[in-house]
Amino acid sequence: MYRPVDAPTLKGWLHDPDEIALFDVREHGQYGEGHPFYAVPLPYSRLELDVGRLAPRTDARIVLADDGDGVAARAAAALARLGYRNLHVLDGGMPAWQAAGYTLFAGVNVPSKTFGELAEHHYHTPRVSAQELAAMRTGAQPPVVLDGRPASEFRKMNIPGAICCPNGELAYRLRDLVPDTTTPVVINCAGRTRSIIGAQSLINFGVPNPVYALENGTQGWYLNDFVLEHGGTARYPDTGTPAGADAARTAARALAERFGVPMIAPEQAIGWLADATRTTFLCDVRTAEEYAARTLPGAQHTPGGQLMQATDQYVGVRRARLVLFDADAVRAPVVASWLRQMGHDAVVLDGGLDAGLAAGVRGPHGPAPEVTALPTVTSAQLSAGMAAQAMLALDLRGSMAYRAGHVDGARWSTRARLAQDLHGVPHDTTLVLVGDADADDPADLAAADLLALGYRDVRRLQGGLGAWRAAGLPVRHGADTLPDARCIDYLFFVHDRHDGNKAAARQYLAWETGLIAQLDAQELATFRFPPAA
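The structure presented is a predicted model; accordingly, all values stated were derived computationally and were not measured.

Some points on the overall build of the protein
Then, number 1: Across its full length, the protein carries 25 helices and 22 strands.
Then, number 2: A compact globule built from 533 residues would reach a C-alpha radius of gyration of about 24 Å, and the protein, at 24 Å, matches this within 12%.
Then, number 3: Taking the principal axes of the C-alpha coordinates as reference, the protein spans close to 75 × 50 × 50 Å.
Then, number 4: Here the protein holds 533 residues, and 55% of them are scored as buried.
Then, number 5: Taking all contacts inside the protein whose residues are at least 6 apart in sequence as the whole, residues at least 24 apart take part in 77%.
Then, number 6: As displayed, the protein offers around 21,000 Å² of accessible surface, 53% of which is attributable to carbon and sulfur atoms.
Then, number 7: The average position of the 48 basic charges and that of the 59 acidic charges among the side chains of the protein differ by 0 Å.

Some thoughts on the domain arrangement of the protein
Then, number 1: According to the domain assignment, the protein consists of domain 1 (3-107), domain 2 (114-243), domain 3 (254-359) and domain 4 (376-486).
Then, number 2: Relative to domain 4, the C-alpha centre of domain 2 lies at a distance of 43 Å.

Description of the sheet that holds strand E6 (residues 127-128)
Then, number 1: Pairing is parallel across the open sheet formed by five strands, whose spatial order is E6-E10-E9-E7-E8. The open sheet has two edge strands with one neighbour each: E6 and strand E8 (163-164).
Then, number 2: Pairing of strand E7 (residues 144-147) with strand E9 (residues 185-188), which is carried by four bridges, proceeds in the parallel orientation. Within E9, the position partnered with Val 145 by the bridge is Val 186.
Then, number 3: Across the sheet, helix H9 (residues 167-177) is in contact with E7, E8 and E9; its angle to E7 comes to roughly 150°.

Brief notes about the sheet that holds strand E14 (residues 321-325)
Then, number 1: Reading across from one edge, E11-E15-E14-E12-E13 is the order of the five strands in this open sheet, with parallel pairing throughout. A strand with exactly one partner marks an edge of an open sheet, and here the two such strands are strand E11 (263-264) and strand E13 (300-301).
Then, number 2: Where strand E12 (residues 280-284) lies against E14, five bridges are found, and the strand directions are parallel. Across the sheet, Leu 282 pairs through a bridge with Val 323, a residue of E14.

Some points on the packing of aromatic side chains
Then, number 1: Scanning the model with the defined rule gives 12 aromatic pairs in all.
Then, number 2: Ring centres 5.7 Å apart and planes at 40° place the aromatic pair Phe 115 and Phe 527 in the tilted group. You can see Phe 115 sitting in helix H6 (residues 110-123) and its partner Phe 527 sitting in the segment after helix H25 (521-524), a full 412 residues away along the chain.
Then, number 3: Taking the relative accessible area as the measure of exposure, Phe 115 reaches 2% and is therefore buried.
Then, number 4: Taking relative accessible area as the criterion, Phe 527 reaches 10% and is therefore assigned buried.
Then, number 5: Each member of the aromatic cluster is reached from another via a ring pair, and the members are Phe 37, Tyr 38, Phe 105, Phe 115, Tyr 123, Trp 338, Phe 527 and Phe 529.
Then, number 6: Positioned over the ring face of Tyr 38 is Arg 318, at 3.9 Å from the centre of the ring.

Notes on the nonpolar core
Then, number 1: With 101 residues, the main nonpolar core has Leu 10, Phe 23, Leu 64, Phe 205 and Leu 324 as its most contacted residues.
Then, number 2: Leu 10 has contacts with Val 5, Ile 20, Leu 22, Val 63, Leu 90 and Trp 97, leaving out every residue within four places of it along the chain.
Then, number 3: Listed in part, the 15 residues of the second largest apolar core include Leu 392, Leu 394, Leu 396 and Leu 433.

Quick word on the side chain of Gln 219
Then, number 1: Mapped onto the elements of the fold, Gln 219 is located in helix H11 (residues 217-223).
Then, number 2: For Gln 219, a relative accessible area of 2% puts it in the buried group.
Then, number 3: Only 2.8 Å separates the side chain of Gln 219 from the backbone oxygen of Ala 190, close enough to count as a polar contact.

Things to note about the side chain of Glu 169
Then, number 1: Relative to the helices and strands, Glu 169 resides in helix H9.
Then, number 2: The class of Glu 169 is buried, set by a relative accessible area of 4%.
Then, number 3: A polar side-chain atom of Glu 169 sits 3.0 Å from a polar atom in the side chain of Arg 331.
Then, number 4: Look past the residues within four positions of Glu 169 in its chain and what remains in contact with it is Tyr 236, Val 285, Arg 286, Thr 287 and Arg 331.

Some words on the packing of H6 against helix H24 (residues 502-513)
Then, number 1: Contact geometry of H6 with H24 gives a least axis separation of 9 Å together with a crossing angle of 75°. Judged on the interaxial angle alone, H24 and H6 are roughly perpendicular. Mapping the contact onto sequence places Val 110, Lys 113 and Glu 117 in H6 and Tyr 508, Trp 511, Glu 512 and Thr 513 in H24.
Then, number 2: Of the residues belonging to the contact of H6 with H24, the class tally is three nonpolar, one polar and three charged.

About the cut-offs
Residues numbered from 1 in each chain as written. Predicted model: local features only at pLDDT ≥ 70, side-chain atom pairs only at ≥ 80, totals over all residues. Heavy atoms only, no water. Helix = DSSP H or I, 4+ residues; strand = E, 2+ residues; numbered from the N terminus. Rg over C-alpha atoms; globule rule 2.2 N^0.38 Å. Buried < 20%, exposed > 50% of the residue type's maximum accessible area, 1.4 Å probe, protein only. Contact = heavy atoms within 4.5 Å. Areas by Shrake-Rupley, 256 points an atom, 1.4 Å probe, with all protein chains shown as cover. Lys, Arg positive; Asp, Glu negative; His and termini not counted. Charge placed at Lys NZ, Arg CZ, Asp CG, Glu CD. Domains from an automatic or database assignment. Pairing = 2+ DSSP bridges. Axes fitted to C-alpha atoms, helices over the stretch in contact; angles between N-to-C directions. Phe/Tyr/Trp six-rings, centres within 6.5 Å; stacked < 30°, edge-to-face > 60°. Lys NZ or Arg CZ within 6 Å of the ring centre and 35° of its normal. Core = buried A, V, L, I, M, F, W, Y, C linked by side-chain atoms within 4.5 Å. Polar contact = N/O pair within 3.5 Å; in protein donor to acceptor, adjacent residues only side chain to side chain. Parallel < 35°, antiparallel > 145°, perpendicular 65-115°, else oblique. Nonpolar A, V, L, I, M, F, W, Y, C, P; charged D, E, K, R; others polar.

Below, the structure is given as structure tokens:
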């Protein structure tokens, strides 16, 4: 089913020329506390739901890593059932990796974040501090502040007057937002790296405006005691064709030539996607609305700014091929120029969406789990069953969702910890799962694990927590209902910075600026910056 691999061998594999996927099957919070540089998060709680997207080729070399606690072996068994054949488990898990002298990197999206810091060093990206930006805004020619994050992050906190325009859209939509080529432009994000990449994207693109990155982003603004807004909705306009689109296409061609971005014909893309010996990802870098309206079959929605910022959320196989496409010949070349500097084999589909549809380009399809529908119980039945001690509500949503509100008396767990969290619960107890309402609810995956543990009667709460609330049944909430130490799916220092926690913001910024110093020579050699101009 799998073969063990020791840490030194795995370290060599990560730098050899062949494809490899190193999946960290621990939960998100555990992953964020420390993992190898190239590890991709694939929590056991969501394993079968996401692996087909992250590693569509079933004979790709896959290494699974845990805390040395056996979760990786269970993950290997699950992947073997899906048809994966080249499976390995890091012997001893993360403790063995660290004992061998290799670094465990805290945080998430580490390669992308590290690249952003390196890019600032390489390009000497102009930047302004929070105090400088505040002074500029009261000057004779105030800048336009563009926030390079997705709208969901922008709504959490934004600089007053800023406009949401994710990094992947900046070059394409700039003239709708900043018609005057002399107006200064300041790009910000939550912290540092998207500010840097967004600003440098426009500079590389050749825009004549003065462009700056806001040092430390919204967190730097807040740490300097400037006010942030919450719930902001200002964003780029939904126009069919942005202003200056022809000039942008010309600039994108020049950018692609400067950074050596290959353009491949649809027929070549079809050949790559049919090649059983290599992994090829088909990436639609446009907006969610455009993707929902029309895309190539099997393409993954990889919004351009996030594909640069969080590559490991979309691409699980190192040294795979990435075929990017748009419908405008602007966004895909800009994103590909960065991905190639990050060490990825990224190309652009010539002719974009229309050419791909005409030629029949079709993306990869990895294996998907077969989920058996569970019988359901109503809220009234669960309430009565719990009162009679014949039923136990088992909440398998995220720990923060559980804290925000859960069935009174429900026990929280995650798939990797079911045996520990149900210790002492008799096997004749009816377990009623409380999950999310979406189609890929990870609670469905846990049902098979529960049956394997000996629980013979596993059901779902019909209508979930919403139905329980609607029935007027008691709901508990609060941080005291689940200790921080048990919230293994939540990385506090990354998320708490969004909630007015200045200590978390400082810790996060120190983490970002400290990433480069942790790299070894092989990890540093991943990145391929062009010679300085």
